[in-house]
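Results of the structural survey
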Amino acid sequence: MIMKGKKGVILGIANKKSIAYGIAKACQEQGAEMAITFLNERFEQKLAPIAEDLGCGARLYPCDVSRPEEITALRESLEKDFGQIDFVVHSIAFAPKEGLSGRFVDISKEAFDVAMDISVYSLIEITRELKPILSDNASVLTLSYYGGEKYIPNYNLMGVAKAALEMTVKYLAEDLGRDGIRVNAISAGPIKTLAAAGIGDFAFMLKWNKAHAPLKENVTIEQVGNSGMYLLSDLSSAVTGEIHYVDGGYNIMGMPAVEFDEN
Ligand code: NAD
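Fair warning: this is a prediction, and the values are worked out from it, not measured in the lab.

**Re the UniProt feature "binding site: substrate" (unreviewed entry) in the protein**
Those places that UniProt annotates as "binding site: substrate" (unreviewed entry) correspond, in this numbering, to Ala95. Turning to its location among the elements, Ala95 is positioned in the loop between strand E4 (85–90) and helix H4 (109–130). With sequence-adjacent residues up to four places away left out, Ala95 is seen in contact with Leu100, Ala111, Ala115, Ser119, Leu157, Met158 and Ala161.

**Some thoughts on the site of the ligand**
In the vicinity of the ligand there are 26 residues, among which Ser18, Ala93, Leu143, Thr193 and Ala195 approach most closely. Mapped onto the shell around the ligand, the elements with two or more residues apiece are helix H1 (19–29) and strand E5 (134–144). Class assignment of the residues belonging to the shell around the ligand gives a composition of 19 nonpolar, 6 polar and 1 charged.

**Let's talk about the environment of Gln30**
By secondary structure assignment, the location of Gln30 is in the loop between H1 and strand E2 (33–38). With 17 C-beta atoms counted inside 10 Å, the residue Gln30 sits in the partly exposed group. It is 20 Å that separates the C-alpha atoms of Gln30 and Arg182, two residues lying 152 residues apart in sequence.

**Some details on the UniProt feature "active site" (unreviewed entry) in the protein**
UniProt records the feature "active site" (unreviewed entry) for Tyr145 and Tyr155 in the present numbering. With respect to the helices and strands, the residue Tyr145 is situated in the loop between E5 and helix H5 (156–177). Filtering out sequence-adjacent residues up to four positions away, Tyr145 remains in contact with Lys162, Ser187 and Ala188. For Tyr155, the location among the structural elements is in the loop between E5 and H5. The exposure class assigned to Tyr155 is buried, which follows from the 26 C-beta atoms found within 10 Å. Apart from the residues within four sequence positions on either side, Tyr155 is in contact with Gly147 and Ile199.

**Digging into the packing of H4 against H5**
Running from amino to carboxyl end, H4 crosses H5 at an angle of 20°, the nearest separation of the two axes being 9 Å. For the element pair H4 / H5, the angle class is roughly parallel. As for how H4 packs across H5, the hand of that crossing is right-handed. Residue-level contacts link Ala111, Phe112, Ala115, Met116, Ser119, Val120, Leu123, Ile124 and Thr127 of H4 to Leu157, Met158, Ala161, Ala164, Leu165, Thr168 and Leu172 of H5. Along the lines of polarity and charge, the residues of the contact of H4 with H5 split into 13 nonpolar, 3 polar and no charged.

**Here we look at the packing of H1 against helix H7 (residues 221–232)**
At their nearest, the axes of H1 and H7 sit 7 Å apart, and the two run at 60° to each other. Between H1 and H7, the interaxial angle falls into the category oblique. Between H1 and H7 lies a crossing whose hand is right-handed. Between H1 and H7, the residues in contact are Ile19, Tyr21, Gly22, Ile23, Lys25, Ala26 and Cys27 and Ile221, Glu222, Val224, Gly225, Asn226, Gly228, Met229 and Leu232, respectively. Here the residues of the contact of H1 with H7 are counted per class, giving 9 nonpolar, 4 polar and 2 charged.

About the criteria used
Residues numbered from 1 in each chain as written. Predicted model: local features only at pLDDT ≥ 70, side-chain atom pairs only at ≥ 80, totals over all residues. UniProt positions renumbered as here; feature names shortened; annotations may be inferred. Helix = DSSP H or I, 4+ residues; strand = E, 2+ residues; numbered from the N terminus. Contact = placed C-beta atoms within 7 Å. Near = placed C-beta within 6 Å. Nonpolar A, V, L, I, M, F, W, Y, C, P; charged D, E, K, R; others polar. Buried ≥ 20, exposed ≤ 12 C-beta atoms within 10 Å, placed from the backbone. Axes fitted to C-alpha atoms, helices over the stretch in contact; angles between N-to-C directions. Parallel < 35°, antiparallel > 145°, perpendicular 65-115°, else oblique. Left-handed = near helix turned anticlockwise from the far one by under 90°.

Dropping the structure here:
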């Protein structure tokens, strides 16, 4: 039981297809105790059975990261329930639909600000707010995608947000290293989730990744979950500021290994 005695909070479960659910499940299977959060009332009822399934009991809290007062209330609830916590999963992103297809040059300032606020700044804010209750060797994990490194069709605004998120991980890791807190990201391959449904022609991303990744398969939330659990556990005690690919190896490819007819 790798996570026995560890307590943590998971932000970003929308349903059982969420990457955050895969991570929560892997942590639970290894003995962790958890609290989970929901975005708004629409999700509260849906998440009640999931909280039950994850052994969270009543530890199901509201947390819309665009509302600072809800982040503060989350810290108070966690402190009451757990005292200290050992891990935090930030599996949250949002961009208005206009930022996820069409011409990149047309992205509005409003859409840009919202995407950066929810998908990037929230990692800093959550980490800072929860810091007083983080244990000496706590681990913080967020989720990124290759579209923050290289151009991916339609990923557009979220690509810029993921680039900023990955640098945020590195700056946070340096800053919090002196407190014993580690901060890492998983760069996951494409997975069909609620958030992914907002990206233009996502089905093609799945097809392309499967065809060109060395492992010739798309990744699952169970696979991302297991890697996430490792980064949250003491097995990765010397790992921080890392962007860890869980993508079937897709990121190593410089050119697809396909044959084509030269005529
Ligand atoms: P998901 O829709 O299951 O999860 C996204 C979560 O973000 C939801 O639970 C939603 O409630 C939450 N969220 C959105 N706005 C919020 C706000 N204001 N406050 C609090 N929570 C808010 O989809 P997912 O694919 O599991 O996404 C989780 C993370 O993984 C995201 O950061 C996403 O960019 C990243 N990611 C996804 C893929 C993929 O292909 N699905 C690949 C790599 C990285």
